[in-house]
Amino acid sequence: RTFTMLFTHDTGYTHTVLLVLAGLTMVTGVLGAVSQQDFRRVLSFHIVSQIGYMLMGLALFSPLAIAAAIYFLAHNIAAKSNLFLVGGLAARFTASFELRNMGGLYQRQPLLAALFLIPALSLAGVPPLSGFFGKLFLVQAGLELEQYPIVAVSLGVGLFTLYSMSKLWMEAFWKPAPAEAQAALAQLAPAEPGRLTLWLPIAALAAVTVAMGLAAGPLLGLAERAARQMLEPSAYIAAVLEIKQ
């Protein structure tokens, strides 16, 4: 709202600065995520990185770019929230958020492993999940405006995102559990699967991520309607000021 109503007079310089900030935000966030060894810290740095994608859509400032940013925002809410829930449940089974102390969850909790893969691969932009289409729409908007540097940065950051999600998979789920984690698994695993309040939100958000990917076309249409209203704010101004049209 701020940029579509207050910064309409200087879209050149302002949005060039935003493009630079978007690229720096993406790179800073993903490099921070790659360097971390704590499940929560990896995900937290990815929040920074994903905000860079949203800022990219705002900086490009075309109808498709704004619509892509709206779609990407909705996708990220579902996928990132789900990853934090998965991380919390994984820590219940291993008694730690440190990746070096985690492991063995693929064998002991295959359902949790599958539910992790859905938002993780979506965040990395793997088709046909929602994250792929969010990044695809942003890339298309960038190519239409010939903003090739930010497009290249967004694609490169996507590869690093896939790498960091693979690191979480290998460390927390795939590798054999350390001795301490095995003891925690033996104590906690039998009791936890029966607690539906822990599993239902994860399963529901995973379903939302899949559904958003399958319905990407109609959802982009809704986002484009919202984008057009933002880029032409006269109806919004009239509604706020109660001006009859």
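For the structure itself, consult the block above.
Residues numbered from 1 in each chain as written. Predicted model: local features only at pLDDT ≥ 70, side-chain atom pairs only at ≥ 80, totals over all residues. Heavy atoms only, no water.

(A) Up close: unusual backbone geometry. Each neighbour pair has its own omega, and for proline 127 with proline 128 the value is 5°, a cis peptide bond. The topology assignment puts proline 128 in the loop between helix 6 (110–124) and helix 7 (130–144). Backbone geometry places glutamate 146, a non-glycine residue, at a positive phi of 60°. Relative to the assigned elements, glutamate 146 resides in the loop between helix 7 and helix 8 (148–174). (Helix = DSSP H or I, 4+ residues; strand = E, 2+ residues; numbered from the N terminus.)

(B) The nonpolar core, seen in detail. In terms of nonpolar packing, the biggest core is built from 32 residues, with Met56, Leu60, Phe137 and Ile150 touching the most fellow members. Those elements giving two or more residues to this core turn out to be helix 2 (11–35), helix 3 (39–60), helix 4 (63–94), helix 7, helix 8 and helix 11 (216–231). In terms of residue count, helix 4 provides more of this core than any other element does, seven residues in total. Those residues within four positions of leucine 60 in sequence are excluded, and the remaining contacts are Leu19, Ala65, Leu138, Ala141, Gly142, Leu145, Gln147 and Ile150. Membership of the second largest hydrophobic core comes to 27 residues, among which are Phe39, Ala90, Met102 and Leu168. (Core = buried A, V, L, I, M, F, W, Y, C linked by side-chain atoms within 4.5 Å. Buried < 20%, exposed > 50% of the residue type's maximum accessible area, 1.4 Å probe, protein only. Contact = heavy atoms within 4.5 Å.)

(C) Main features of helix 10 (residues 196–214). With 19 residues, helix 10 extends 26 Å between its outermost C-alpha atoms, agreeing within 8% with the 27 Å of an ideal straight helix rising 1.5 Å per residue. Residues of helix 10 that are buried include every one of Leu198, Trp199, Ile202, Ala206, Thr209, Met212 and Gly213, and no others. The buried residues of helix 10 occupy an angular sector of 160° when projected down its axis, which confines them to one face. Structural note: helix 10 exposes Leu196, Thr197, Leu200 and Leu214 on the side pointing more than 90 degrees away from its buried face. (Expected span 1.5 Å × (residues − 1). Arc of directions from axis to C-beta.)

(D) Highlighting the side chain of lysine 167. Examined against the element boundaries, lysine 167 turns out to sit in helix 8. It is glutamate 171 that comes nearest to the buried, bridge-free lysine 167 among opposite-charge side chains, at 8.1 Å. There is a polar contact of 2.6 Å between the side chain of lysine 167 and the backbone oxygen of glutamine 36. Contacts of lysine 167, omitting those with residues within four sequence positions, involve Ala33, Val34, Ser35, Gln36, Gln37, Val42 and Leu99. (Lys, Arg positive; Asp, Glu negative; His and termini not counted. Salt bridge = Lys/Arg side-chain N within 4 Å of Asp/Glu carboxyl O. Polar contact = N/O pair within 3.5 Å; in protein donor to acceptor, adjacent residues only side chain to side chain.)

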